[in-house]
Amino acid sequence: MYCSGPLTAHFGVDSSHTYDIRVVFPSGRILDTLNVHPTQLITLTEPTTSSISLHLKPGWNLISLPVETTVTVDEVLSGIIDCYGYDTEHSRYAPSDSIEPLKGYFVLSLVDTIYHIREETITSGVCELRPGWNLLGVPYTLSSFPVADLEFDPEEYIIHQAWWYDPDITRYIIEEELRPTKGYWFLSLEEGTITFPEH
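Not measured: the values here are computed from a predicted model.

> An account of the overall build of the chain is needed here, citing residue identities and associated values.
A tally of helices and strands in the chain yields one helix and 21 strands. Counting all 199 residues of the chain, 42% fall into the buried class. Entry remark: accessible area of the chain is about 11000 Å², with carbon and sulfur atoms responsible for 49%.

> Break down the pairing of strand E18 (residues 171-175) for me, with residues and values.
When strand E17 (residues 162-166) meets E18, the two strands line up antiparallel, connected through five bridges. Counted as the bridge partner of Asp 166 is Arg 171 from E18. Counted along the chain from E17 to the antiparallel partner E18, the turn is four residues long, and its residue Thr 170 has a positive phi close to 50°.

> Got a sec to walk through the nonpolar core? Specific residues and values, please.
With 24 residues, the main nonpolar core has Leu 150, Leu 178, Phe 186, Ile 194 and Phe 196 as its most contacted residues. When contributions to this core are tallied by element, the ones reaching two or more residues are strand E13 (125-129), strand E14 (132-136), E17, strand E20 (184-188) and strand E21 (192-196). Sorting elements by how many residues they give to this core places E17 first, with four residues. Once you skip the residues sitting within four places of it in the chain, Ile 194 turns out to touch Gly 125, Val 126, Cys 127, Leu 129, Leu 136, Leu 150, Glu 151, Phe 152, Ile 158 and Phe 186. Leu 54, Leu 56, Leu 65 and Val 107 belong to the second-largest nonpolar core, a separate cluster that totals 17 residues.

> An account of the pattern of salt bridges is needed here, citing residue identities and associated values.
The tally for this structure, following the rule as stated, stands at three salt bridges. The closest approach of N and O atoms between Lys 103 and Glu 100, which form a salt bridge, is 3.3 Å. Classification of Glu 100 by relative accessible area gives partly exposed; the value is 31%. Glu 175 serves as the salt-bridge partner of Lys 182, at 3.5 Å between the closest nitrogen and oxygen. In this structure Lys 182 comes out as buried when scored by relative accessible area, which is 18%. Residue classification places Glu 175 among the buried positions, given a relative accessible area of 15%.

> An account of the packing of aromatic side chains is needed here, citing residue identities and associated values.
For the structure on display, the rule yields 12 aromatic pairs. Summarising the aromatic geometry, the rings of Tyr 86 and Trp 185 are spaced 4.8 Å apart at their centres and angled 80° between planes, so their arrangement reads as edge-to-face. Note that Tyr 86 is positioned in strand E8 (residues 82-87) and Trp 185 in strand E20, a separation of 99 residues in sequence. Overall, the relative accessible area of 23% leaves Tyr 86 in the partly exposed class. You can call Trp 185 buried: its relative accessible area is 7%. The rings of Trp 60, Tyr 84, Tyr 86, Tyr 93, Phe 106, Trp 133, Trp 163, Tyr 165, Tyr 172 and Trp 185 are connected pair by pair, giving a single aromatic cluster. A cation over a ring is seen here: Lys 182 above Trp 164, with NZ or CZ 3.8 Å from the ring centre.

> Outline the environment of Ala 148, listing residues and values.
Take Ala 148: it is sitting in the loop between strand E15 (145-146) and strand E16 (151-153). On the basis of relative accessibility, which here comes to 74%, the residue Ala 148 falls in the exposed class. Each C-alpha atom of the pair Ala 148 and Glu 177 lies 8.7 Å from the other, and the pair is 29 residues apart in sequence.

> Provide a residue-level description of the pairing of E17, including the pertinent values.
Of all five residues in E17, five are buried, a share of seventy percent or more. In E17, alternate side chains face the same way, and those of Ala 162, Trp 164 and Asp 166 on one face and Trp 163 and Tyr 165 on the other are all buried.

> Which residues make up the sheet that holds E16, and what values do they have?
Strand order in the open sheet formed by three strands is E13-E21-E16, with antiparallel pairing between adjacent strands. What marks the edges here is a single partner per strand, and that holds for E13 and E16. Each neighbouring strand pair of the sheet contributes to a mean axis angle of 15°, computed without reference to strand direction. Pairing geometry for E16 and E21, over three bridges, is antiparallel.

How each quantity is defined
- Residues numbered from 1 in each chain as written.
- Predicted model: local features only at pLDDT ≥ 70, side-chain atom pairs only at ≥ 80, totals over all residues.
- Heavy atoms only, no water.
- Helix = DSSP H or I, 4+ residues; strand = E, 2+ residues; numbered from the N terminus.
- Buried < 20%, exposed > 50% of the residue type's maximum accessible area, 1.4 Å probe, protein only.
- Areas by Shrake-Rupley, 256 points an atom, 1.4 Å probe, with all protein chains shown as cover.
- Pairing = 2+ DSSP bridges.
- Core = buried A, V, L, I, M, F, W, Y, C linked by side-chain atoms within 4.5 Å.
- Contact = heavy atoms within 4.5 Å.
- Salt bridge = Lys/Arg side-chain N within 4 Å of Asp/Glu carboxyl O.
- Phe/Tyr/Trp six-rings, centres within 6.5 Å; stacked < 30°, edge-to-face > 60°.
- Lys NZ or Arg CZ within 6 Å of the ring centre and 35° of its normal.
- Axes fitted to C-alpha atoms, helices over the stretch in contact; angles between N-to-C directions.

If you want it as structure tokens, here you go:
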């Protein structure tokens, strides 16, 4: 079955059996085999895949990837030297061989380079916070997420500021517009959440 999503399908066949279907989207993406009953009404939409451009400068870079699922560092950033996430509970950096959605990471690059990554992207989401500093990522958008548009819960216990490490000047700056592929520090006084609305 070939489709240009979203696809709504009816099956005019023997209703006493179930059938396996295999869906191929125009991009070539193949949906795993589905077992359906002829009386079922199903709607399929191709997952969002975007080309993500990640610009790394020589030295340490504070990044994130707006990906739908966890990816390995070797798979998408094969040329970097080190990758570290942050363990808020124990207040320490931790080496990482993978990059999770909506989390920030420090990566070390020896050269100025641009990575072009094609992955299923996440366009909204909820980040869970622990008391202390939290290193977060940003969903995919063609523009940016204003800090003022984020939803903080509980609002009174989360500092409404985002800090990004600028590799050009090697110091932190406060940013009011959050962009995909960057990672940001947020400070929370209690457990809570930050929600990135659909943008």
